[in-house]
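# Analysis of the macromolecular model
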Amino acid sequence: MTLRSTAIALVSAALLLSSGCSILPESQPATLYRLPSSDIQPVTSDSMTTRQRLAVAAPQAGHLLSSNRILVYPEGNIVNVYEGARWQENASALLQSRLITGLQQSRLFASVGSDSLPSELLLLSELRHFQSDYATRPPTVKVQLDVQLVSTQNHASIATQSFTTSAQSISTDIPDVVDAFGAASDELTEQLVNWLANQQEATID
């Protein structure tokens, strides 16, 4: 091919791309899911709410759990993801938002927000499990979160705990599996709220 013909071919390819045409098949857009949630009942009256502010950091997680793919264990030691379905944001950010909302509803603290806001207490965590597992049929969703409560004043660790919850889907359909993710996450949030309430009582005592 001559230099002139090569140049013509490159220009033609550029025009083809700029016009929005492609010889590659278009993939179907994924359906985005948010994490279903329910209200968390306050565990204390407004008069007993601590004056401390709590910041909740996004959980640390491995590369699959740090993405917006919906993780599934189909059988044995196989790890996979649901095709055509995504969380609306990364799984760790998704759970962070759920924890913040639940802790705000609990009224345990003067304020609850992300770790970009000033606070006296900081909740660090690691997301160990956030997947559906076909060890049962329909699958069961498992969530495991290891947490550490830290003072932002001196960076000292106050308490640590590991929470594991599960919820079985009513079917193998992805919307039902997503509902199970919501139920397991709500249970974990309630356990976390009760644990933090106990930490406050221990501090007061």
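In this text the structure is predicted, and so the values were computed from the model without any measurement. (Residues numbered from 1 in each chain as written. Predicted model: local features only at pLDDT ≥ 70, side-chain atom pairs only at ≥ 80, totals over all residues. Heavy atoms only, no water.)

## Brief notes about the overall build of the protein
Condition: Secondary structure elements follow DSSP: runs of H or I no shorter than four residues count as helices, runs of E no shorter than two count as strands, and numbering proceeds from the N terminus. Only protein chains enter the area calculation, which uses a 1.4 Å probe; residues under 20% of their type maximum are buried, those over 50% are exposed, and those in between are partly exposed. Here a residue-residue contact requires only that any non-hydrogen atoms of the pair lie within 4.5 Å. The protein chains shown are the only cover counted for residues, whose accessible areas, like all others here, come from Shrake-Rupley with a 1.4 Å probe.
Scanning the protein from N- to C-terminus turns up three helices and eight strands. Going from the N terminus to the C terminus, the protein shows its helices and strands as α-β-β-β-β-α-β-β-β-β-α. Looking at the 205 residues of the protein, the share that counts as buried comes to 40%. Intrachain contacts of the protein at a sequence separation of at least 6 include 69% that bridge at least 24 residues. Working note: accessible area of the protein is about 11,800 Å², and carbon and sulfur atoms make up 51% of it.

## Considering the pattern of salt bridges
Quick reminder of the rule: When a carboxyl oxygen of Asp or Glu is within 4 Å of a side-chain nitrogen of Lys or Arg, the pair counts as a salt bridge.
If you walk through the whole model with that rule in mind, you get four salt bridges. One salt bridge connects Arg98 with Asp186, and the closest N-O pair in it is separated by 2.7 Å. One end of the pair, Arg98, is in helix 2 (residues 91-106); the other, Asp186, is in helix 3 (residues 174-204), with 88 residues separating them in the sequence. When sorted by exposure, Arg98 lands in the same class as Asp186, which is buried.

## Observations concerning the side chain of Asp146
Definition in use: By the criterion applied in these results, polar contacts are pairs of N or O atoms within 3.5 Å in which, for protein atoms, one can donate a hydrogen and the other can accept it, and in which residues neighboring in sequence qualify only through two side-chain atoms.
With respect to the helices and strands, the residue Asp146 is situated in strand 7 (residues 140-151). A distance of 2.9 Å separates polar atoms of two side chains, one belonging to Asp146 and the other to Arg128. Excluding residues that lie within four positions of it along the chain, Asp146 makes contacts with Leu124, Ser125, Glu126, Arg128, Gln161 and Ser162.

## Points about the nonpolar core
Rules: Think of a nonpolar core as a cluster: buried Ala, Val, Leu, Ile, Met, Phe, Trp, Tyr and Cys residues, connected wherever their side-chain atoms sit within 4.5 Å.
Ranked by internal contacts, the top residues of the largest apolar core, which has 46 residues, are Leu54, Trp87, Phe130, Leu192, Trp195 and Leu196. For this core, the leading source of residues is helix 3, giving 11 residues. Look past the residues within four positions of Leu192 in its chain and what remains in contact with it is Leu99, Leu103, Leu123, Val147 and Phe163.

## Details of the environment of Leu94
Among the structural elements, Leu94 can be located in helix 2. When its relative accessible area of 4% is taken as the criterion, Leu94 is described as buried. Linking Leu94 and Asn68, residues 26 residues apart in sequence, is a C-alpha distance of 8.9 Å. Those residues within four positions of Leu94 in sequence are excluded, and the remaining contacts are Leu35, Trp87, Gln88 and Glu89.

## Thoughts on the environment of Asp115
By the element assignment, Asp115 lies in the loop between strand 5 (111-114) and strand 6 (121-133). The class of Asp115 is partly exposed, set by a relative accessible area of 46%. If we skip the residues at most four places from it in the chain, Asp115 touches Ala55, Val56, Ala57, Gln96 and Leu122.

## Looking at the pairing of strand 6
The condition is simple: A pair of strands is considered paired only if DSSP assigns at least 2 bridges between the two.
Pairing analysis gives three bridges linking strand 2 (residues 53-56) to strand 6, with the strands arranged parallel. Opposite Val56, over in strand 6, you have Leu123 as the bridge partner. Looking at chain direction, strand 6 and strand 7 are connected through 12 bridges and run antiparallel. Looking at the pairing, Leu121 lines up with Ser151 of strand 7.

## A few points about the packing of aromatic side chains
Operational definition: Only centres within 6.5 Å qualify two rings of Phe, Tyr or Trp (six-membered ring in Trp) as a pair; their planes then separate them into stacked at under 30 degrees, edge-to-face at over 60, and tilted for everything else.
All told, the structure shown has four aromatic pairs when counted by the stated rule. Plain terms: the ring middles of Phe163 and Trp195 are 5.9 Å apart, the flat faces sit at 75 degrees to each other, and that makes the pair edge-to-face. Here Phe163, found in strand 8 (residues 157-168), pairs with Trp195, found in helix 3; they are 32 residues apart in sequence, far enough to count as distant.

## Structural notes on the environment of Gln28
Considering the arrangement of structural elements, one finds Gln28 in the loop between helix 1 (3-18) and strand 1 (31-33). According to the relative accessible area criterion, Gln28 is exposed, its value standing at 71%.

## A look at helix 2
Rules: Working rule for helices: expected span equals 1.5 Å times residues minus one.
With 16 residues, helix 2 ought to run about 22 Å at 1.5 Å a step, and its terminal C-alpha atoms sit 23 Å apart, in line with that. Buried residues dominate helix 2, accounting for 12 of its 16 residues. Along helix 2, the residues classified as buried are Ala91, Ser92, Ala93, Leu94, Leu95, Gln96, Arg98, Leu99, Ile100, Gly102, Leu103 and Ser106. One or two positions beyond helix 2, positive phi appears at Arg107, with a value near 60 degrees.

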